[in-house]
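In case you want the letters, here they are:
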Amino acid sequence: MDYQFHWRPVIQALPDLLKASLVTLQVSLIAMALGLMIGLVLYFFRASQLRVLRGFGSTWVEIARNTPSLFQIFVFYWGLGEFGIFLSSYTAVVAALTFNCAGYMAETYRGGFNAVNAGQDKAARTLGMTRFQSMRYVVLPQVLRAIYGPMTNQFTWVILASSLGMLAGLRELSGETQYFNSRTFRTFEFFAATAVIYYLIAKMALLLMALLGRPLFKAERAKS
Amino acid sequence: MTDVFTTLQWSDLIFLLEGAWKTVQISVVSILLGTLLGMVFGWLMSLNNKLITFAVMAVLDVFRSVPLLIQLILFDSFVAIAGFPLPAFWSGTIVLIIYTASLVAVVVHSGIDSVPAGLRAAARCLGMSYWQEMRHVTTPVGLRTAFPSWLGVALATIKDSALVSAIGYVELLRASQILNTRTQESVKIMLLVGLIYFIISYPLSRLGARYEQRQKS
């Protein structure tokens, strides 16, 4: 192996890479937050009496779950051009990841709502709570506990999947790495450094979610 | 004015289907070998040795915490540096095999963990050897929890095979991009490609849903 490793260009580019990591975080957070909200709406659509809503919800979920996320990004970035819709890399990547997250979260919510015994809602309503109160104080807190684990996984997944933005010209962490790579041709060194940064971001996200989740599981900790 | 772009032809459908066949090839090889490797890792983690469990877990966790795209580019550039360049199919598939194995290991580990310790001890008490007990007790019982999750991993691998296009292998997604550039008829092509991916992965995803329902009732 007569390859000379050169790490200096990587070290020089480090501030820019870290700045680009903020774009990665931003894209992931927005997609996750929107995905959580739209996913809940999709869940209610799929549980609704109206056939149109059920069909819409199921179509979204099945497409999101059965096609590659890179394909979804390409559809938002290139596919909408024929309809005269031109999205920037940033918007296209956020939209595609949101589309994907919403589909997966809708399924996760379904599991969460199924985990809460239907009798509890009835009991709360019998005690005089309105439909909304029962949802807010009895059902949702338990659903949230049930979905917290899968939600954490989904968040890590979005952070890693946002790296696909590179292939749609987005200058997030991977895109920025590719930019420096094309100027220096130090492919291995640059992507090795980026791999380390992703690893650290993923671990930080897990830690953050564990801390945020602490109040949720307070009651359970007290029990044990 | 002569047009630089040519319209979509029937032969292009064959080009796409060839890409789809390569997607299937990458997926099948990755799922098969990834599952075998993942089973070994999962079994290693379930041995009562904290050091082995921790070591295997920590190493596999790296593959789950770094984007697959970055792993693909890294490995592809590494084999070039090291002087034994591989065809894109193999450098892509090797990365996908290891990635799949890291996911399968977790599934297998929790599957083995789901088998009650008392049941396993009882089998041993009846005179079964370790491997007999593994084969006739732990595997069938653990498979009940592991199988749906394994289907999920297999589905993910099929979809993740699209990333191999990033290191230059012409599978389904890459084939569609080539046609896109030539014909500029992105909507038709994307609908078609989406449909092909859907056809490949939907049966597996239905199977998972059916299995889930059957377990509930």
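- Looking at an unreviewed UniProt entry, one finds chain B named Amino acid ABC transporter membrane protein 2, PAAT family and attributed to Celeribacter baekdonensis.
- One UniProt comment on chain B, placed under Sequence similarities (unreviewed entry), says "Belongs to the binding-protein-dependent transport system permease family. HisMQ subfamily."

- As recorded in an unreviewed UniProt entry, chain A goes by Amino acid ABC transporter membrane protein 1, PAAT family and comes from Celeribacter baekdonensis.

### Structural notes on the overall build of chain B
Right, so step 1: Per the secondary structure count, chain B includes 8 helices and 0 strands.
Right, so step 2: Reading chain B from its N terminus to its C terminus gives the helix and strand order α-α-α-α-α-α-α-α.
Right, so step 3: For 217 residues, the compact-globule estimate of 2.2 N^0.38 gives 17 Å, and chain B exceeds it by more than 25% at 21 Å.
Right, so step 4: Oriented by its inertia axes, the alpha-carbon framework of chain B measures out at about 85 × 50 × 25 Å.
Right, so step 5: A burial count over chain B gives 44% of its 217 residues as buried.
Right, so step 6: Here chain B has roughly 11,300 Å² of accessible surface; of this, 70% comes from carbon and sulfur atoms.
Right, so step 7: Across chain B, the mean location of the 15 positive side-chain charges is 13 Å away from that of the 11 negative side-chain charges.

### Topic: the UniProt feature "transmembrane region" (unreviewed entry) in chain B
Residue and element names in this part refer to chain B.
Right, so step 1: As recorded in UniProt, the sites labelled "transmembrane region" (unreviewed entry) are residues 20–44, 51–75, 87–108 and 189–209.
Right, so step 2: Along residues 20–44 one finds 100% helix and 0% strand; the C-alpha atoms at either end are 35 Å apart.
Right, so step 3: Helix makes up 100% of residues 189–209 and strand 0%. Its end C-alpha atoms lie 29 Å apart.

### What to know about the UniProt feature "domain: ABC transmembrane type-1" (unreviewed entry) in chain A
Right, so step 1: UniProt annotation of "domain: ABC transmembrane type-1" (unreviewed entry) refers to residues 21–209 of chain A when read in the numbering used here.
Right, so step 2: Overall, residues 21–209 of chain A shows 81% helix and 0% strand. The separation of its end C-alpha atoms is 18 Å.

### Observations regarding the UniProt feature "domain: ABC transmembrane type-1" (unreviewed entry) in chain B
Right, so step 1: Under the local residue numbering, the UniProt record ascribes the feature "domain: ABC transmembrane type-1" (unreviewed entry) to residues 20–208 of chain B.
Right, so step 2: Annotated as 84% helix and 0% strand, the span residues 20–208 of chain B places its first and last C-alpha atoms 23 Å apart.

### Remarks on the interface of chain A and chain B
Right, so step 1: Tallying the contact residues gives 36 residues for chain A and 36 residues for chain B.
Right, so step 2: Approximately 3,100 Å² of surface area, both sides summed, lies buried where chain A meets chain B, with 73% of it carried by carbon and sulfur atoms.
Right, so step 3: At the surface where chain A touches chain B, the tally comes to 1 salt bridge.
Right, so step 4: Between chain A and chain B we count 6 residue pairs in polar contact (both at pLDDT 80 or more) in total.

### Digging into helix α6 (residues 131–161) of chain A
Right, so step 1: With 31 residues, α6(A) ought to run about 45 Å at 1.5 Å a step, yet its terminal C-alpha atoms sit only 38 Å apart, falling short of that.
Right, so step 2: When the local axis directions of α6(A) are compared, the greatest deviation, roughly 50 degrees, occurs at Y148(A), which is followed within four positions by the proline P150(A).

### Some details on the pattern of salt bridges
Residues and elements named next belong to chain A.
Right, so step 1: For the structure on display, the rule yields 10 salt bridges over all chains.
Right, so step 2: Its salt-bridge partner being R171, residue E176 comes within 2.6 Å of it at the nearest N-O pair.
Right, so step 3: Classification of E176 by relative accessible area gives buried; the value is 9%.
Right, so step 4: For R171, a relative accessible area of 42% corresponds to the partly exposed category.

### Let's talk about the side chain of S65(B)
Right, so step 1: Position of S65(B) relative to the elements: it lies in helix α2 (residues 50–65).
Right, so step 2: A relative accessible area of 4% places S65(B) in the buried class.
Right, so step 3: Ignoring any residue separated from it by four or fewer positions in sequence, one finds S65(B) in contact with L160(A), Y198(A), Y199(A), A202(A) and K203(A).

### Some words on unusual backbone geometry
Right, so step 1: Non-glycine residue F185(A) carries a positive phi angle of around 60 degrees.
Right, so step 2: Residue classification places F185(A) among the exposed residues on the basis of a relative accessible area of 64%.
Right, so step 3: Positive phi, normally seen in glycine, also occurs at Q184(B), with a value near 60 degrees.
Right, so step 4: Structurally, Q184(B) is set in the loop between α7 (172–183) and α8 (186–216).

### Some details on the environment of T157(B)
All names here are of chain B.
Right, so step 1: Along the chain, T157 falls in helix α6 (residues 130–160).
Right, so step 2: As for T157 and S205, which are separated by 48 residues in sequence, their C-alpha atoms are 13 Å apart.
Right, so step 3: When near neighbours in sequence (up to four residues on either side) are disregarded, T157 contacts S27, S30, I31, L96 and T100.

### Some details on the confidence of the model for chain B
Detailed reading of the predicted coordinates is not advisable wherever pLDDT is low.
Right, so step 1: The pLDDT averaged across chain B works out to 92; a share of 97% of its residues lies at or above 70.
Right, so step 2: Of all secondary-structure elements in chain B, the lowest mean pLDDT belongs to α8(B), at 89, while helix α4 (residues 88–113) of chain B reaches the highest, 96.

### Concerning the UniProt feature "transmembrane region" (unreviewed entry) in chain A
All names here are of chain A.
Right, so step 1: Here the UniProt-annotated "transmembrane region" (unreviewed entry) positions come out as residues 20–45, 154–170 and 190–213.
Right, so step 2: In the segment residues 20–45, helix accounts for 100% and strand for 0%; the C-alpha atoms at its two ends are 37 Å apart.
Right, so step 3: Taken end to end, residues 154–170 is 47% helix and 0% strand, and its first and last C-alpha atoms sit 21 Å apart.

### A few points about the packing of helix α1 (residues 8–46) of chain A against helix α4 (residues 89–115) of chain A
Residues and elements named next belong to chain A.
Right, so step 1: Packing of α1 against α4 leaves a shortest axis separation of 6 Å and a crossing angle of 45 degrees. Overall, the two elements α1 and α4 adopt an arrangement that is oblique. α4 is crossed by α1, and the crossing has right-handed handedness.
Right, so step 2: Its residues assigned to classes, the contact of α1 with α4 shows 22 nonpolar, 5 polar and 3 charged.

Conventions and cut-offs
Residues numbered from 1 in each chain as written. Chains lettered and ligands numbered in written order. Predicted model: local features only at pLDDT ≥ 70, side-chain atom pairs only at ≥ 80, totals over all residues. Heavy atoms only, no water. UniProt positions renumbered as here; feature names shortened; annotations may be inferred. Helix = DSSP H or I, 4+ residues; strand = E, 2+ residues; numbered from the N terminus. Rg over C-alpha atoms; globule rule 2.2 N^0.38 Å. Buried < 20%, exposed > 50% of the residue type's maximum accessible area, 1.4 Å probe, protein only. Areas by Shrake-Rupley, 256 points an atom, 1.4 Å probe, with all protein chains shown as cover. Lys, Arg positive; Asp, Glu negative; His and termini not counted. Charge placed at Lys NZ, Arg CZ, Asp CG, Glu CD. Contact = heavy atoms within 4.5 Å. Buried area = accessible area lost by both parts, 1.4 Å probe. Salt bridge = Lys/Arg side-chain N within 4 Å of Asp/Glu carboxyl O. Polar contact = N/O pair within 3.5 Å; in protein donor to acceptor, adjacent residues only side chain to side chain. Expected span 1.5 Å × (residues − 1). Bend = angle between axes of the 7 residues up to and from the residue. pLDDT = per-residue confidence, 0-100. Axes fitted to C-alpha atoms, helices over the stretch in contact; angles between N-to-C directions. Parallel < 35°, antiparallel > 145°, perpendicular 65-115°, else oblique. Left-handed = near helix turned anticlockwise from the far one by under 90°. Nonpolar A, V, L, I, M, F, W, Y, C, P; charged D, E, K, R; others polar.

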